[in-house]
Amino acid sequence: MSVVAHFDVHRVQYLDAGSHLVADAPALARDRAHLSALYRAMVRTRIFDAKAVALQRTGRLGTYAACLGQEAIGVCIADRMQTNDVLLPSYRETAAYLGRGVRMEELLLYWGGDERGMDFADDREDFPICVPIATQLTQATGVAAAFAYRSEARVAVAVCGDGATSQGDFYAALNLAGAWTLPFICVVNNNQWAISVARKAQSAAQTLAQKAIAAGIHGVQVDGNDPIALCSVLDVALDRARRGGGATLIEALSYRLCDHTTADDAARYRPLEEVEAARQSEPVVRLRRYLHAQGWWNADDEEALKNACSTEVDGAVERYLATPAPEPTAMFDHLYASLPAPLQAPRAALAARGSDA
Amino acid sequence: MPEITLVEAINLALARALEEDERVLVFGEDVGHNGGVFRATSGLQERFGERRVRDTPLNEAMIAGMAIGMAAQGLRPVAEIQFSGFIYPALDQLINHAARLRNRTRSRLSCPLVLRAPAGGGIRAPEHHSESNEVLLAHIPGLRVVMPSSPRQAYGLLLAAIRDPDPVVFFEPTRLYRLLRETVDDDAAALPLDTCFVLREGRDLTLVAWGASVHESLLAAEQLEAQAISAEVIDVATLSPLDMSTILASVAKTGRCCIVHEAPRSGGWGAEIAARLADEGLFSLLAPVARVTGYDTVMPLFRLEGTYLPDAARIIAAARRLLEYA
Ligand SMILES: Cc1ncc(C[n+]2csc(CCOP(=O)(O)OP(=O)(O)O)c2C)c(N)n1
Ligand SMILES: [Mg+2]
């Protein structure tokens, strides 16, 4: 018997839970402007997120999937992607969407039950929110294959959850990306829970990153609450994909500090102590403490940032609430490029009912 | 006897089935400790243990495939698909295998499984959580497709589905989960499959519906009564195989029929019923067969779902049009 293959799975962390820099941190650790920008984006996301939950609680939004505690992942993804790369998120990547230029009122419209929210005014090529778990991943390989076909140095970046790694589409996407050397990155937001199903119940694999190995692509585990580590693994993966070096699976370790959605009650199935322990390593406090320690951030900066974000969010909420109700006939108007003749009569019948019929 | 909701009736039937038959197993995403996202399996894992009530990894194709394997082994799997909008990865297993394992092996192997899936709109749910795709499965020979319309129907039909020797897809109307309460006797009595139920007798027209549309039809019938129009209401209950005899007998009496369902009109299960009425009941009909359905559009997000879904007002309008035919 002989060993025919041997693999290692690496975990990357530069800023630990106590906000201490571990040795050999990359240049980003010394980049005040960049780290402050990442911090601002995380706080902006968190304030928006909290507002969305509040809107749901007061009946002004539908079910909403918050991203509390996982902001660093989406913020860093959006920060490191080039504008013309394409993002294919799940439903929890508010941070990435905001970073990609999706407007807050658009996300509110969507979660408020209005399709117009996915017609992004500024961010035209990114995919809409994907609810059927893991289906965005195979689509991302198609986006990547289109880039490769046209010899464009662009990357398709998909984000899914830990539960999504049990789906066939997850394995199929990784496998194709390996076989075809596609410019594809799959970021797993491993927030430890798939609704009430714990990470361990999802898979006996020691890491999710190792699922890359069977597909013959690069795989790495990263502290998903450490923006310095996230940016550095994303840079490696994006650069490699852009240069034709193939796909990467990034398992970003984080924790869902919130309920699964506003329709969920996580207290039913997970111990409060676990949540409290996880809170100790959450990303916003972690980075703020580091910025403080460097003398790059103070209470006034914090106050000013929070005020600015709240003002921005309030403006978005106002625009959302002031958006006139969709026309009922809108149901028909985006099914096809133009309304097929056989659908003209049913559309007219709907129009005749009026908007409150 | 306390009055219970439809989702509690599901829970009661599952507990009864687990109690009476060791071969019954309940599994799916979040059905264990959490008791299901709608609480349909609440308390079952505590009571019957993780051996019998168990969370699975997140994969619908696997859930269906595993249920088939268990069923062929003589177990009675009752698996949950979290929402009917997520059943699609399971279709390969359901259509190519569950529906035909018996036929392919000339009954050497069979597939006594139940796949439960919450379905339908009207609860302001997120995208893909309000689908009415029952016709996709009703079209498949070898499957039974069942949809209850009340707590009592849910209890009796689910027990029947679990005891049935063949695969059953059991759609549960989410809008009715907590809308109505009624007393349900936990007497282990199943209701018959493959038969429609006449829930209300009438003379002037027949309303045919399933799931939440039964509720709207009953409301419409009540209001029509006040307008001196007497509507019979039929709960189809088992969509496939379809019991046309009950519908034909009713239409022979009333001469008018309006079919109500949430799914898009074209190719919906109402089309099959209308075709069968044309085939077998043409000379009973005093008016064309009417359909009150969803539109031929994607199920809209919730701001427009009230417009999309059939309601009592649309049913009444259709009924009145039918009555205009003398
Ligand atoms: C195909 C499919 N099955 C089931 C669901 C219902 N569902 C929504 S989120 C979820 C858990 C997903 O967990 P994970 O992939 O870890 O992502 P997270 O929500 O934790 O970000 C489930 C089962 C779904 N949306 N799609
Ligand atoms: Mg998760």
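In this text the structure is predicted, and so the values were computed from the model without any measurement.

Visitor: Help me understand the overall build of chain B, please; the structure alone is not making it clear to me.
Guide: Counting its regular elements, chain B contains twelve helices and 14 strands. Relative to the 2.2 N^0.38 estimate, which gives 20 Å for 326 residues, the radius of gyration of chain B is 19 Å and therefore close to what a compact globule would have. Over its C-alpha atoms, taken along the principal directions, chain B stretches across nearly 60 × 45 × 40 Å. The 326 residues of chain B split such that 62% are buried. Within chain B, contacts between residues separated by at least 24 positions form 82% of all contacts whose residues are at least 6 apart in sequence. Roughly 12000 Å² of accessible area belongs to chain B as shown, and the carbon and sulfur atoms make up 51% of that amount. Here chain B carries 32 positive and 41 negative side-chain charges, and the mean point of each set is 2 Å from the other.

Visitor: Even after reading the chapter, I still don't get the domain arrangement of chain B, so can you show me in this structure?
Guide: When the parts come together, some accessible area is lost, and that loss is often what is quoted as the size of the interface. Residues and elements named next belong to chain B. You can read the domains of chain B as domain 1 (3-183) and domain 2 (197-323). Computed over C-alpha atoms, the centres of domain 1 and domain 2 are 26 Å apart. Each partner contributes to the interface: domain 1 provides 28 residues, whereas domain 2 provides 24 residues. In this assembly, domain 1 packs against domain 2 so that about 2100 Å² is buried in total across both faces, 58% of it on carbon and sulfur atoms. With its nearest N and O atoms 3.1 Å apart, the salt bridge here joins E216 to R175. Put simply, domain 1 and domain 2 have twelve residue pairs in polar contact (both at pLDDT 80 or more) between them. Broken down by secondary-structure element, the contributors of at least two residues to the side of domain 1 that touches domain 2 are α6 (134-138), β6 (144-146) and α7 (151-163). Grouping the amino acids of the side of domain 1 that touches domain 2 by side-chain chemistry returns 14 nonpolar, eight polar and six charged.

Visitor: Would you mind going over the coordination of the magnesium ion (ligand 2) with me for this structure?
Guide: Each donor-metal-donor angle would ideally measure 109.5 degrees in four-coordinate tetrahedral geometry, or 90 or 180 degrees in six-coordinate octahedral geometry. Residue and element names in this part refer to chain A. On the protein side, the magnesium ion (ligand 2) has D162 (OD), N191 (OD1) and W193 (O) as donor atoms, found 2.0 to 2.1 Å from it. Donor residues binding the magnesium ion (ligand 2) come from one chain and are separated in sequence as D-x28-N-x1-W. Placement of D162 in the loop between β3 (156-161) and α6 (168-179) and of N191 in the loop between β4 (184-190) and β5 (193-194) is noted, with a sequence separation of 29 residues between them. Residue class for D162 comes out buried when judged on its relative accessible area of 1%.

Visitor: Honestly, the UniProt feature "domain: Dehydrogenase E1 component" (unreviewed entry) in chain A in this entry has me stumped. Any pointers?
Guide: The sites that carry the UniProt feature "domain: Dehydrogenase E1 component" (unreviewed entry) are, in the present numbering, residues 39-328 of chain A. For the annotated span residues 39-328 of chain A, helix accounts for 48% and strand for 11% of the residues, and the straight-line distance between the end C-alpha atoms is 42 Å.

Visitor: I keep staring at the side chain of T329 of chain A and nothing clicks. Help me out?
Guide: Following the sequence through the fold, T329 of chain A ends up in the loop between α12 (299-322) and α13 (330-333). Those residues in contact with T329 of chain A that sit more than four places away from it in its chain are R347, L350 and A351 of chain A.

Visitor: What is the right way to look at the sheet that holds β3 of chain A in this model?
Guide: Backbone hydrogen bonds are what pair the strands of a sheet, in a parallel or an antiparallel way. Residue and element names in this part refer to chain A. As summarised here, the arrangement of the six strands in space is β1-β7-β8-β4-β3-β2, forming an open sheet in which the pairing is parallel. One side of each edge strand has no neighbouring strand; the edge strands of this open sheet are β1 (11-12) and β2 (86-88). Of the strand pairs in this sheet, β3 and β4 are connected by six bridges, and their pairing is parallel. Across the sheet, residue C160 finds its bridge partner in β4, namely V188. Contacts between α6 and the sheet are confined to β3, β4 and β8 (248-253), with β4 contributing the most and set at about 145 degrees to the helix.

Visitor: Can you walk me through the interface of chain A and chain B in this structure?
Guide: Residue-level contacts link 41 residues of chain A with 33 residues of chain B. Summed over both sides, the interface between chain A and chain B buries roughly 3000 Å², with carbon and sulfur atoms accounting for 58% of that surface. Three residues, R268, M331 and R353 of chain A, lead the burial of chain A against chain B; their summed loss comes to 20% of the area buried on that side. Here chain A and chain B share zero salt bridges between them. Every element with two or more residues in the side of chain A that touches chain B is listed here: α4 (104-111), α7 (199-202), α13 and α14 (344-353) of chain A. Per-element tally for the side of chain A that touches chain B: the top contributor is α14 of chain A, with three residues.

Visitor: How should I be thinking about the nonpolar core in this particular structure?
Guide: Ranked by internal contacts, the top residues of the largest apolar core, which has 162 residues, are V187 of chain A together with I87, I247 and I273 of chain B. Both domains that meet at this core, namely domain 1 (3-183) and domain 2 (197-323) of chain B, each give it at least three residues. Beyond its immediate stretch of four places on either side in the chain, I247 of chain B contacts C196, V208, I234, L242, I273 and L277 of chain B. In terms of nonpolar packing, the next biggest core, distinct from the first, is built from 26 residues, L88, V143, A158 and F170 of chain A among them.

Visitor: Help me out: how do you make sense of the pattern of salt bridges in this one?
Guide: Residue and element names in this part refer to chain A. In total, this model carries 37 salt bridges over all chains according to the counting rule given. Residue E125 is joined to R154 by a salt bridge in which the shortest nitrogen-to-oxygen separation is 2.9 Å. Note that E125 is positioned in the loop between α4 and α5 (135-149) and R154 in the loop between α5 and β3, a separation of 29 residues in sequence. Between R347 and D333 there is a salt bridge, with the nearest N and O atoms lying 2.7 Å from each other. Pair noted here: R347 is in helix α14 and D333 is in helix α13, with a separation of 14 residues, a long-range link. By relative accessible area, which is 33% here, D333 ends up partly exposed. One connected set of salt bridges, linked through shared partners, spans E125, R150, E152 and R154.

Visitor: Sorry if this is basic, but what is going on with the pairing of strand β4 (residues 76-80) of chain B here?
Guide: Each regular strand shows side chains that alternate between the opposite faces of the sheet. Residue and element names in this part refer to chain B. Burial analysis of β4 places five of its five residues in the buried class, the great majority of the element. The two faces of β4 match: R76, V78 and E80 on one face and P77 and A79 on the other face are all buried. As paired elements, strand β2 (residues 24-28) and β4 share five bridges and run parallel to each other. In the sheet register, G28 faces β4, and the bridge partner there is E80. Bridge analysis of β4 against strand β5 (residues 114-119) gives three bridges, and the strand direction is parallel. Each residue of the ladder has a partner; that of E80, found in β5, is R116.

Visitor: Help me out: how do you make sense of the packing of helix α2 (residues 71-80) of chain A against helix α9 (residues 227-242) of chain A in this one?
Guide: The angle between the axes and the distance between the axes are what describe a pair of packed helices. All names here are of chain A. Direction vectors running N to C along α2 and α9 enclose 40 degrees, while the axes themselves pass 9 Å from each other. Taken together, α2 and α9 sit at an angle that is classed as oblique. Crossing of α2 over α9 shows right-handed handedness. Only P227, L230, C231, L234, D235 and L238 of α9 make contact with α2, whose side of the interface consists of A72, I73, C76, I77, D79 and R80. Looking at side-chain class alone, the contact of α2 with α9 contains nine nonpolar, no polar and three charged residues.

Rules of the game
Residues numbered from 1 in each chain as written. Chains lettered and ligands numbered in written order. Predicted model: local features only at pLDDT ≥ 70, side-chain atom pairs only at ≥ 80, totals over all residues. Heavy atoms only, no water. Helix = DSSP H or I, 4+ residues; strand = E, 2+ residues; numbered from the N terminus. Rg over C-alpha atoms; globule rule 2.2 N^0.38 Å. Buried < 20%, exposed > 50% of the residue type's maximum accessible area, 1.4 Å probe, protein only. Contact = heavy atoms within 4.5 Å. Areas by Shrake-Rupley, 256 points an atom, 1.4 Å probe, with all protein chains shown as cover. Lys, Arg positive; Asp, Glu negative; His and termini not counted. Charge placed at Lys NZ, Arg CZ, Asp CG, Glu CD. Domains from an automatic or database assignment. Buried area = accessible area lost by both parts, 1.4 Å probe. Salt bridge = Lys/Arg side-chain N within 4 Å of Asp/Glu carboxyl O. Polar contact = N/O pair within 3.5 Å; in protein donor to acceptor, adjacent residues only side chain to side chain. Nonpolar A, V, L, I, M, F, W, Y, C, P; charged D, E, K, R; others polar. Donors = N, O, S within 2.8 Å, 3.2 Å for Na, K, Ca; no water. UniProt positions renumbered as here; feature names shortened; annotations may be inferred. Pairing = 2+ DSSP bridges. Axes fitted to C-alpha atoms, helices over the stretch in contact; angles between N-to-C directions. Core = buried A, V, L, I, M, F, W, Y, C linked by side-chain atoms within 4.5 Å. Parallel < 35°, antiparallel > 145°, perpendicular 65-115°, else oblique. Left-handed = near helix turned anticlockwise from the far one by under 90°.

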